[in-house]
Structure formats: C-alpha cells, structure tokens
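Architecture and fold: a report
Read off the chains here:
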Amino acid sequence: MIKLQIPATSANLGAGFDALGLALQLYNDVEMEECDTVAITSADDTPVPADESNLIYTSAKDLYQVCGKTLKGLRLVQTNRIPMTRGLGSSSACVVAGLVGANMLLGDPLDTDDLVDLAAQIEGHPDNTAPALLGGIVTAVFDGRRVHWVKQEVYTKLRFAAMIPDFELKTERARACLPTEVSHKDAVYNLSRAALFSASLLTGKFENLRTAVHDKLHQPYRMALIPRAREVFDIAYAHGAYAVYISGAGPTIMAIADEDNAYFAGKLRFSLDNAGLKGWQVLEMKIDNTGCTLL
Ligand code: HSE
C-alpha cells in the first residue's frame, strides 16, 4: 500500500493569475494499491466519489494510459483535510495523488517534468497543480502542451490565514465572470505586480506584498461572487496583514501576516464573529516546501 501526503495550495497570489501558486501545510492523505476492482473509501466523514468518476482514480488511469498500461482497478482510502471547492487546491491534490501514486505503482516511468505537465493538462492550470506536486512557491507557464516552471523554497515563517466561507464557488463559475480581453495598461499593472510578489516574498521585502496582490484580471470580478468579501479584506488589513487576496478562484480569502503577529488568527476570528460572519472558518498555515510526499 502506497501512502501519499499532498499539500493544499493557494494560487494566483493576487496578480499572478494562472501563473503563481504556493503550497501550504495542510494535507490530504491518500492510500493506494492496485487491485481488480474500484474500491474507494473515505477515512473521515468527507463524502468522496466511490466509483470510476473519482478524480484520483481517473488521474491514475490517465497516467497508465500515457505509459501504455491498463489500470484494472484501485483501492483508495482518502483522508480529506483540504476543504473542497474553496480555492485551496483540493482538486489539484486529487490529480497529483492519482498521478504520483500511479507512477510509483508502475516503477516511476515518468519524471517530475512529465508529472507537472500531465497534472496541468488534466486540471487546466498549473498554478495549483505544480505547487501541490513540488511544494514552495512555483512560477509556471503552461504553453498548452508543456509547463515551464521554477520552484523556489520559501524560508519565512509568515502566517497564511485562510478565511474560508461556508459556501462553495466552482472554478468554472469564477472563470465565466472574467472578461475575454483586457487593456494593455491592465496587463502591465498585473505583470509588474506578479513579478513583485515572488521577488518580495523571497527576499523578505514583505512591505511590498500589499501592492503586489492588487490586480485587474480576476479579483475585481470575483469579489461580486463572494458576499461581504470587502469586509473580510478590511478586517484582515485592520489586524496588520501584509497582504490579502482571493485564494485561487475563491471563495477563500487569504491574509498574509508576520510571524510576530502572534494572535492574528484569533483576532480575525473575533472580528469576523463580531461582524456576523460566523460562517467563515479561519485556518492558519505556513508554507510547505516539500510538496507531495510518500509517507
Ligand atoms: N488560476 C486559477 C483561477 C486557479 O484563478 O481560475 C484555479 O484553478
């Protein structure tokens, strides 16, 4: 039995739409072994598809197909700690688990680049899948066939406080609200900030992060799909966040705070409650630098 641990991810990081993402220390576990049937169970109370539509299973099957093999069946046991459909990379964790597990079952025929490419092709965007596989902060360009990527480990103890509402937002809906064209000015606005984000995170110039997470490509449109999002941003900034942005396609709102901001999560919780936003969970995490790991 193979047992994998796959991290949650936060994509876009404000301006780096479809290009930047990082891994966080919140993990799903997947146990996997080949068998003659499809036997999928949840080790916790999270309902998971137990048939051949299961994303871990279909991703494993895709890898077998690439390698010219037939997957007869799998036994899967899933432990899901990453909230689903909330912009924290739960689908990417499934894709990565399926690919990495299947690759191990076949004796590692594919290398890391192959896995990064396949994961992006299955999921559609590399900014969640690549950090789920690799850890750290990943800069990725998907040219439609291959992913050109750089993973950088991040040695900060910054706090990433995810404020997770009790409603879901499907990525398809969060993409359908985006414009098909943007102005040259807006493109420059975003690309300069996306570059500023990773450079500032990696060099410790955290005072730049607030400017770096502003964008014109997706957040202004997605805010309308997340009731009271503006208030949640304001609460996080009021408690000293360096930066606040919509995580992935949302609806989770991520706030980055200094390691010395000791009671950041508690203050967010208290203020959200006071504002009548009790349905929003607060989960504080650090950056994961290892990505998908064999336990
Ligand atoms: N970059 C993607 C988006 C992340 O914002 O739609 C979700 O896969």
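What follows deals with the overall build of the protein chain. Secondary structure summary: the protein chain contains ten helices and eleven strands in total. At 19 Å, the protein chain has a C-alpha radius of gyration in line with the 19 Å of a compact globule built from 295 residues. Seen through its principal axes, the protein chain has C-alpha atoms that stretch 55 × 40 × 35 Å. The buried share of the protein chain, reckoned over its 295 residues, is 52%. Intrachain contacts of the protein chain at a sequence separation of at least 6 include 73% that bridge at least 24 residues.

Turning next to the domain arrangement of the protein chain. Domain annotation of the protein chain identifies domain 1 (2–153) and domain 2 (159–285). Centre-to-centre separation of domain 1 and domain 2, based on C-alpha positions: 24 Å. Listed per partner, the contact involves 24 residues of domain 1 and 37 residues of domain 2. Both sides of the domain 1 and domain 2 interface together cover about 2200 Å² of buried area, and 66% of this is carbon and sulfur. Counting across the interface, domain 1 meets domain 2 through one salt bridge.

Contacts to the ligand come from Asn 12, Phe 17, Asp 18, His 125, Asp 127, Asn 128, Thr 171, Arg 175, Arg 222, Gly 248 and Ala 249. Within the contact set of the ligand, an oxygen atom lies 2.8 Å away from a side-chain nitrogen or oxygen of Asn 12. The fraction of the free accessible surface of the ligand (260 Å²) that becomes covered by protein chains is 98%. With respect to the detected pockets, the ligand is housed in the largest pocket. When contributions to the shell around the ligand are tallied by element, the ones reaching two or more residues are helix 4 (126–134) and helix 5 (171–176). Residue composition of the shell around the ligand, by class: two nonpolar, five polar and four charged.

Reading the values: rules and limits
Residues numbered from 1 in each chain as written. Predicted model: local features only at pLDDT ≥ 70, side-chain atom pairs only at ≥ 80, totals over all residues. Heavy atoms only, no water. Helix = DSSP H or I, 4+ residues; strand = E, 2+ residues; numbered from the N terminus. Rg over C-alpha atoms; globule rule 2.2 N^0.38 Å. Buried < 20%, exposed > 50% of the residue type's maximum accessible area, 1.4 Å probe, protein only. Contact = heavy atoms within 4.5 Å. Domains from an automatic or database assignment. Buried area = accessible area lost by both parts, 1.4 Å probe. Salt bridge = Lys/Arg side-chain N within 4 Å of Asp/Glu carboxyl O. Near = heavy atom within 4 Å. Polar contact = N/O pair within 3.5 Å; in protein donor to acceptor, adjacent residues only side chain to side chain. Areas by Shrake-Rupley, 256 points an atom, 1.4 Å probe, with all protein chains shown as cover. 1 Å grid on protein atoms, 1.4 Å probe; cavity = no way out; pocket = protein on both sides within 12 Å on 5 of 7 lines; lining within 4 Å. Sits in = over half its atoms within 2 Å of the grid points. Nonpolar A, V, L, I, M, F, W, Y, C, P; charged D, E, K, R; others polar.

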